[in-house]
Amino acid sequence: MILLFIAFVSIFITLAYMRFEASSVKVKEVFFTENINHLKVVQLSDVHISLLRVDIKKIKKVLKKENPDLVILTGDYIDSTRHIPAFFNFLEEIKGDYEIFLCYGNHDYKTFRKNEAGLKKLTADLEKKGIKVLLNDSVLYKKGDRTYNIIGIEDFRSKRHDVKKALAKCKSNVTANIAFSHNPDIALEIPDDAVDFLLCGHFHGGQIWMPFDIEFKLLRHERVCKLGIKKGLNKLNNLIIYINSGIGNVLFPLRFLSPPEITVIYFP
């Protein structure tokens, strides 16, 4: 009886902690330059608005403090069309004096898997709100005397990605080529030296920590996992990859030893 009570209390405490961790947020800074004349980007990923437990006020506070040039969102916002109003409210809440770029993730595409018109309407509605949706496309961003190709590549798992098309409009002689996509496996499709930096999400940092990398070895099939590329800062050939752990959750609003993440990145 005592052992059963101890087990019950242990499970309760663990679940309470996991619920608490899912509502926290960790701000990570990544410096690719120490120069005061930098491009400052905040990356948000895997919002999963229906299971988001981080208070939007916390996110707004971080954005206000950091005052970035750009905010880049790297996919997985909704799991049903019912979640669109909540996601739009989220974007309205975090809106500031910076530009917002986004691409879609596998959950977003799954929501519209038999409704291409609905996906196009979502894209059009986002762009009406001033959000730049980059789907196998790029734009030239200027800050002072520096220029950047900002490149959005569609999700690898959706099989809608077209790296060649995404790179087609890129200008030459820029300060850096900064690409973003949802699934890190897209890194294996990018030609050598075509992109300098790649921002991704998808893995949630291993939302529920498992020993011996069980999730990445047995439960995930992405090829980059097998190369040891799972979260945070990585390098593949000459491509620098950052994999954000996301702020939302899948399946249940719980995290364990993998807190929600907002990344602040300083580019040359």
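A short tour of the structure in this document, coming up. (Residues numbered from 1 in each chain as written. Predicted model: local features only at pLDDT ≥ 70, side-chain atom pairs only at ≥ 80, totals over all residues. Heavy atoms only, no water.)

## Digging into the overall build of the protein chain
- Each helix and strand in the protein chain was counted, giving 8 helices and 12 strands.
- Computed over the C-alpha atoms, the radius of gyration of the protein chain is 19 Å, within 12% of the 18 Å expected from 2.2 N^0.38 for a compact globule of 268 residues.
- Along the first, second and third principal axes, the C-alpha atoms of the protein chain reach 70 × 40 × 40 Å.
- Across the 268 residues in the protein chain, those meeting the buried criterion constitute 53%.
- For the protein chain, the proportion of contacts with a sequence separation of at least 24, taken over those separated by at least 6, is 75%.
- Per element, the accessible surface of the protein chain, about 13500 Å² overall, is 57% carbon and sulfur.
- The average position of the 39 basic charges and that of the 31 acidic charges among the side chains of the protein chain differ by 4 Å. (Helix = DSSP H or I, 4+ residues; strand = E, 2+ residues; numbered from the N terminus. Rg over C-alpha atoms; globule rule 2.2 N^0.38 Å. Buried < 20%, exposed > 50% of the residue type's maximum accessible area, 1.4 Å probe, protein only. Contact = heavy atoms within 4.5 Å. Areas by Shrake-Rupley, 256 points an atom, 1.4 Å probe, with all protein chains shown as cover. Lys, Arg positive; Asp, Glu negative; His and termini not counted. Charge placed at Lys NZ, Arg CZ, Asp CG, Glu CD.)

## What to know about unusual backbone geometry
- One non-glycine residue with positive phi stands out, namely F212, at about 60 degrees.
- With respect to the helices and strands, F212 occurs in the loop between β9 (197–200) and α7 (214–219).
- We classify F212 as exposed; its relative accessible area is 71%.
- For N237, which is not glycine, the phi torsion reads 55 degrees and is therefore positive.

## Here we look at the pairing of strand β11 (residues 239–243)
- Of all 5 residues in β11, 4 are buried; the element is thus mostly enclosed.
- Where strand β10 (residues 232–236) folds back onto β11 in an antiparallel hairpin, the turn is made up of 2 residues, including N237, whose phi is positive at roughly 55 degrees. (Pairing = 2+ DSSP bridges.)

## What to know about the nonpolar core
- With 35 residues, the main nonpolar core has L73, F87, F90 and L126 as its most contacted residues.
- Broken down by secondary-structure element, the contributors of at least two residues to this core are β2 (39–44), α2 (56–66), β3 (70–74), α3 (84–94), β4 (99–103), α5 (116–128) and β12 (261–267).
- Sorting elements by how many residues they give to this core places α3 first, with 6 residues.
- Sequence-distant contacts of F90, defined by excluding residues within four places in its chain, comprise L44, V47, I49, L52, I56, I59, L73 and I247.
- Among the nonpolar cores identified, the runner-up in size contains 22 residues, and I153, F203, V224 and L239 belong to it. (Core = buried A, V, L, I, M, F, W, Y, C linked by side-chain atoms within 4.5 Å.)

## What about the sheet that holds β2?
- Read across the sheet, 6 strands follow the order β1-β12-β2-β3-β4-β5 without closing on themselves; strand pairing throughout is mixed. Each edge of the open sheet is held by one strand with a lone partner, namely β1 (26–31) and β5 (132–133).
- Bridge analysis of β2 against β3 gives 4 bridges, and the strand direction is parallel. Bridge pairing in β3 places V42 opposite V71.
- Strand contacts of α3: β2, β3 and β4, with the helix running at about 160 degrees to β3, the strand carrying the most contacts. (Axes fitted to C-alpha atoms, helices over the stretch in contact; angles between N-to-C directions.)

## Regarding the environment of S138
- Residue position: S138 is located in strand β6 (residues 137–143).
- When its relative accessible area of 4% is taken as the criterion, S138 is described as buried.
- Placed 40 residues apart in sequence, S138 and I178 show a C-alpha to C-alpha distance of 9.5 Å.
- The residues touching S138, leaving out its near neighbours within four places in the chain, are I150, I151, A166, K169 and C170.

## Structural notes on the pattern of salt bridges
- In this structure the tally under the stated criterion is 18 salt bridges.
- In this structure, E93 engages K60 in a salt bridge whose closest nitrogen and oxygen atoms are separated by 3.2 Å. Here the residue E93 occupies a position in helix α3, and K60 occupies one in helix α2, the gap between them amounting to 33 residues.
- Assessed through its relative accessible area of 33%, E93 is described here as partly exposed.
- With a closest N to O distance of 3.0 Å, K143 and D69 form a salt bridge. Residue K143 is located in strand β6, and its partner D69 is located in the loop between α2 and β3; the two are separated by 74 residues in the primary sequence. (Salt bridge = Lys/Arg side-chain N within 4 Å of Asp/Glu carboxyl O.)

## A short note on the layout of surface pockets
- Its volume calculated, the largest pocket comes out at about 380 Å³.
- Every residue lining the largest pocket is counted, 18 residues in all, and those nearest its centre are Q207, E215, R220, V250 and L251.
- When residues of the lining of the largest pocket are traced back to their parent elements, those giving at least two are α4 (106–111) and α7.
- Looking at the lining of the largest pocket residue by residue, the classes come out as 7 nonpolar, 6 polar and 5 charged. (1 Å grid on protein atoms, 1.4 Å probe; cavity = no way out; pocket = protein on both sides within 12 Å on 5 of 7 lines; lining within 4 Å. Points joined across faces, edges and corners; volume = space filled by probe spheres on them. Nonpolar A, V, L, I, M, F, W, Y, C, P; charged D, E, K, R; others polar.)

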